[in-house]
Amino acid sequence: NIVRVSVSEAYWFKGGGNDRIWYTPSMYQRNVDKYIRMAKNATLNVIIDMHSYGIGDENSTRFWTEVATKYKDDPSLLFEVFNEAHGISCNDWHAGNATKGTHGMQDMVDAVRNTNATNIVIVGGTNWAYDLKCVKNYPINT
């Protein structure tokens, strides 16, 4: 069995919240750790889902470098590198666009693999992740 823990890259680095509670980055990261421990104590595998939409940027690859480094020794954790890519071309989905400052799925997978993490990596398609047309002509090297 598996559960998905949705994580905000913005909160991971800058903190955030609402009028009821505000998290510093370290508080937020401790909460992510707590939710992962809770799931594992219930004998669940965990998908760490960078919950965002559009396309990644330099913070996305930085996020995955940090997260993969922190959790790479736990094979029960799966990494969903970007939740809901949309409004982008297949090339931008795959490789990003330097002119626009975006990072694609391959950049995020590479950030994970460059830490020597062997965790399963999940990559969604375009159009809010359900359209897999880009996968055939723009395969992700894992």
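Here, the structure is the one placed above.
Residues numbered from 1 in each chain as written. Predicted model: local features only at pLDDT ≥ 70, side-chain atom pairs only at ≥ 80, totals over all residues. Heavy atoms only, no water.

A few words now on the packing of aromatic side chains. What the rule picks out here adds up to six aromatic pairs. For the ring pair W12 and F63, a centre distance of 5.5 Å and an interplane angle of 80° mean the geometry is edge-to-face. On the criterion of sequence distance, the pair formed by W12 in helix α1 (residues 9–14) and F63 in helix α3 (residues 58–71) is long-range, its members being 51 residues apart. Here the aromatic residues W12, F63, W64 and F79 are joined through ring pairs into a cluster of three or more. (Phe/Tyr/Trp six-rings, centres within 6.5 Å; stacked < 30°, edge-to-face > 60°. Helix = DSSP H or I, 4+ residues; strand = E, 2+ residues; numbered from the N terminus.)

Right, let's talk about helix α2 (residues 25–41) for a bit. Since the α-helix packs 3.6 residues into each turn, any two residues three or four apart lie on the same face. Relative to the 24 Å expected for 17 residues at 1.5 Å per residue, α2 spans 24 Å between its end C-alpha atoms, a close match to the ideal helical length. Along α2, the residues that are buried comprise Y28, Q29, N31, V32, D33, I36 and A39. Elements that come into contact with the buried residues of α2 comprise β1 (2–7), α1, β3 (22–23), β4 (45–50), α3 and β7 (77–80). Downstream of α2 by a residue or two, T43 has a phi angle that is positive, lying close to 55°. (Expected span 1.5 Å × (residues − 1). Buried < 20%, exposed > 50% of the residue type's maximum accessible area, 1.4 Å probe, protein only. Contact = heavy atoms within 4.5 Å.)

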